[in-house]
Amino acid sequence: MEKSIKVHVKDALQKLYNVDPDDLNIEIEKTREGFEGDFTLVVFPFLKYSKKAPEQTAKEIGAYLRSKMPEIASYNVIKGFLNLVMTQEYWIDKLNYLISTDFSFFKNTGKNIMIEFSSPNTNKPLHLGHIRNNLLGDSISRLIAETGNNVIKVNLINDRGIHICKSMLAWQKWKKDLNPENTGKKGDKLVGDFYVLFEKENKKQIQELIDQGLTKEEAENTPLMQETREMLRKWESNDPEIMKIWKMMNSWVYAGFEKTYSNLGITFDKIYYESQTYLLGKEIVEKGLEKGIFYREADNSVWIDLTNEGLDKKLLLRSDGTTVYMTQDLGTAVQRFQEFNPYLIIYVVGNEQEYHFKVLKKILEKLYPEYAERIFHLSYGMVELPEGKMKSREGKVVDADDLIEEMIQTATEIANENGKVNNLPEEEKSRILKIIALGALKYYILKVDPKKQIVFNPAESIDFAGNTGPFIQYTHARIYSILRKADEMKIKFKGKINSETEIVTKEINLISLLSEYESVVAKAAKNFDPGSIANYVYNLAKEFNQYYHDYTILKEQDPKVLQLRLMLCKQIAATIGKSMNLLGIEVPEIM
RNA sequence: GGUCCAGUAGCUCAGUUGGAUAGAGCAACUGCCUUCUAAGCAGUAGGUCUCAGGUUCGAUUCCUGACUGGACUACCA
């Protein structure tokens, strides 16, 4: 509709003031709360054409639009704002249209879009920081898929390197009799404990060496670290004993991760392991050397000089010929472009790696310009505790599994007080409680702008009332309760709503919100911003709750109005469900 | 030092190509459950949109400069 109004405004300006329509950029806004009208045109930008006062200009345009568009019931002018009031029929037709399209707004683009997220280390259990990453990655995948693209979700697991050897060494030295079966511990937690144990013992050794008079730097080369490095060398030369330990401990960790992912409802299309990709990129380095983009130092290490681009010199190959993170990432990127020809690769990675991705892009620009513009770093803010950063090696983290468990506890307590789920079979009850708990958690994380850092205070629990996931889920359950009762009462509500049906302002507001769904989703997908979906669905739920409070639905006597109300309810529930699904949040029918 | 991000109510956050009276939730206080689910609804109170300039009919929004907080600036990943 806004489009149609825009076209007519263009005509109006052309006819009334002889404006060349090509230099016009017309914006139609929703009329602000507190003013009469549905759509608003700000006429200030057109005064230079009309050479008349704002009021006069607005009136002339208003009169023109009114004469050309039967959907406009009336208009009013306040200062430079032209407010248009649409007819009842317009809004009812709009609702009929929305019901008939069944959310099929987006055509298939045929584009492959790859999104990399999660990317955990195998020596640390998942914590709240990973949850933010996973939820952002999952929700953005859904948004991109919804808007007609083929999404390839990938996870690159960091399963090698010196830090992994630390956990392995701790197990081998001190905990060799432990495994997930005999401890009853999740495998990722167990391995995480080994890592913490290593750091603790290593710290002790450092202190001992300092006490013996070594400098801090010298002291860091502890016997334990020497053993660890020896282990890494053995790993790299495929030592059978070390490989066996490595594979065993990895399998423990993956089983643990899988449980957390499944709890969060997260899946991947492809999992990459760094142990299989870390040698990639060497050929690219050769190519860069040939082209003179990289250079070799006297000690044989390979670098790129980006000081002219406002960055620094960056290492690409160590003096011993081994690769670094950047080399690997170059290799995996090129491999992915060659394998999937993605239109875009999105990396969901924290803002602490902005520099890395800037450099990656620069290098690609020089070597593979056609790929460089197709990578995008979706940088998000860290999740911190009130006392600062979460530190896995010190055990100062908000553990993902524990947090989910706590949320389920809270949801259970609230439901026991006032929920409707208590009479349900135990299995169904716990399924719904989990949906609510995860709804609260996911919404809490996703509603804030990804760029902003989140300070999470474990002492203050995540809310279940107000602007929260459960509030929206509750609204959905309320609507379903009405629809169930309508069914019991044998009320039929199908087909088109009669355009003559009487409609109230609240209903118009709701239809107007429903009709924004398409543009909200399109924009959210374009900006990779799940938060705007969260805001939208919250406003919709809030508006519905007011309507629910002010009007009865099932007791409505006028059959036409009853049909309108039920159809509207159904469409609202569907839109809430769709929107929440884009956030990866399920909606219950009872709660 | 340099680069990037953020700064809006006591707290957590919306507010996107500059538009009318800056909005929610939480916390506080007051009402509303014999009537479709009170995880709800209505109301009271709470603001120098960090500060100072600039651009213009108009700036929370754009520009410049400060201030505050965070991230990065590794032969770790």
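Residues numbered from 1 in each chain as written. Chains lettered and ligands numbered in written order. Predicted model: local features only at pLDDT ≥ 70, side-chain atom pairs only at ≥ 80, totals over all residues. Heavy atoms only, no water.

**Details of the packing of helix H10 (residues 223-236) against helix H11 (residues 240-264)**
Here is step 1: Where H10 contacts H11, the two axes come as close as 8 Å, and the packing angle between them is 95 degrees. In terms of orientation, H10 and H11 fall into the roughly perpendicular class. Taking contact as the criterion, the partners of Met231, Lys234 and Trp235 in H10 are, on H11, Ile242, Met243 and Trp246.
Here is step 2: The class makeup of the residues in the contact of H10 with H11 is five nonpolar, no polar and one charged. (Axes fitted to C-alpha atoms, helices over the stretch in contact; angles between N-to-C directions. Helix = DSSP H or I, 4+ residues; strand = E, 2+ residues; numbered from the N terminus. Parallel < 35°, antiparallel > 145°, perpendicular 65-115°, else oblique. Contact = heavy atoms within 4.5 Å. Nonpolar A, V, L, I, M, F, W, Y, C, P; charged D, E, K, R; others polar.)

**Here we look at the pairing of strand E9 (residues 302-305)**
Here is step 1: A one-sided burial pattern is seen for E9, the buried positions being Val302 and Ile304 and the unburied ones Trp303 and Asp305.
Here is step 2: Of the strand pairs in this sheet, strand E8 (residues 295-296) and E9 are connected by two bridges, and their pairing is antiparallel. Bridge pairing in E9 links Arg296 to Val302.
Here is step 3: Hairpin connection, E8 to E9: the antiparallel pair is bridged by five residues, and Asn300 has positive phi, about 85 degrees.
Here is step 4: As paired elements, E9 and strand E10 (residues 313-317) share four bridges and run antiparallel to each other. Looking at E10, one finds that Asp305 is bridged to Lys313. (Buried < 20%, exposed > 50% of the residue type's maximum accessible area, 1.4 Å probe, protein only. Pairing = 2+ DSSP bridges.)

**Notes on the domain arrangement of chain A**
Here is step 1: Split into domains, chain A comes out as domain 1 (2-86), domain 2 (117-394) and domain 3 (412-582).
Here is step 2: A straight line from the C-alpha centre of domain 2 to that of domain 3 covers 40 Å.
Here is step 3: Contacts between domain 2 and domain 3 engage 26 residues on the former and 29 residues on the latter.
Here is step 4: Taken together, both faces of the contact between domain 2 and domain 3 bury some 2,300 Å²; the carbon and sulfur share is 68%.
Here is step 5: Counting the surface domain 2 buries against domain 3, the share from its top three residues, Arg132, Leu135 and Leu143, is 24%.
Here is step 6: For Lys578, the salt bridge identified is with Glu146, shortest N-O distance 3.6 Å.
Here is step 7: For the side of domain 2 that touches domain 3, the elements supplying multiple residues, two or more each, are helix H5 (128-146), H11, strand E11 (344-350), strand E12 (375-380) and strand E13 (383-384).
Here is step 8: Within the side of domain 2 that touches domain 3, the residues separate by chemical class into 17 nonpolar, five polar and four charged. (Domains from an automatic or database assignment. Buried area = accessible area lost by both parts, 1.4 Å probe. Salt bridge = Lys/Arg side-chain N within 4 Å of Asp/Glu carboxyl O.)

**Considering the sheet that holds E9**
Here is step 1: Judged by pairing direction, the sheet is antiparallel, and its three strands sit side by side in the order E8-E9-E10 without closing on themselves. Because the sheet does not close on itself, it has two edges, and the strands there are E8 and E10.

**Some thoughts on helix H6 (residues 162-174)**
Here is step 1: In this model, H6 (13 residues) spans 18 Å end to end at C-alpha, consistent with the 18 Å of a helix rising 1.5 Å per residue.
Here is step 2: Residues of H6 that are buried: His163, Ile164, Cys165, Lys166, Ser167, Met168, Leu169, Ala170 and Trp171.
Here is step 3: Here the buried face of H6 lies against helix H8 (187-211), H10 and H11. (Expected span 1.5 Å × (residues − 1).)

**Brief notes about a positive patch on the surface**
Here is step 1: A cluster of like positive charges, contributed by Lys490, Lys492, Lys494 and Lys570, occupies part of the molecular surface.
Here is step 2: The topology assignment puts Lys492 in the loop between helix H19 (469-488) and helix H20 (505-527). (Patch = residues over 30% accessible without salt bridge, like charges linked within 9 Å, V, L, I, M, F, W, Y side chains within 5 Å. Areas by Shrake-Rupley, 256 points an atom, 1.4 Å probe, with all protein chains shown as cover. Lys, Arg positive; Asp, Glu negative; His and termini not counted. Charge placed at Lys NZ, Arg CZ, Asp CG, Glu CD.)

**Considering the packing of aromatic side chains**
Here is step 1: Across all of its chains, the model carries 24 aromatic pairs by this definition.
Here is step 2: When the ring of Tyr347 is compared with that of Phe357, the centres are 4.9 Å apart and the planes differ by 45 degrees; the resulting orientation is tilted. Residue Tyr347 is located in strand E11, and its partner Phe357 is located in helix H15 (residues 354-367); the two are separated by ten residues in the primary sequence.
Here is step 3: Classification of Tyr347 as buried rests on a relative accessible area of 0%.
Here is step 4: Judged by relative accessible area, Phe357 falls into the buried class, the value being 6%.
Here is step 5: Cluster of aromatic residues (ring-pair linked, three or more members): Phe103, Phe105, Phe106, Tyr517 and Tyr536.
Here is step 6: Between Arg160 and the ring centre of Tyr278, over which it is positioned, the NZ or CZ distance is 3.9 Å.
Here is step 7: In this arrangement the basic side chain of Arg336 is found over the ring face of Tyr272, its NZ or CZ atom lying 4.6 Å from the centre. (Phe/Tyr/Trp six-rings, centres within 6.5 Å; stacked < 30°, edge-to-face > 60°. Lys NZ or Arg CZ within 6 Å of the ring centre and 35° of its normal.)

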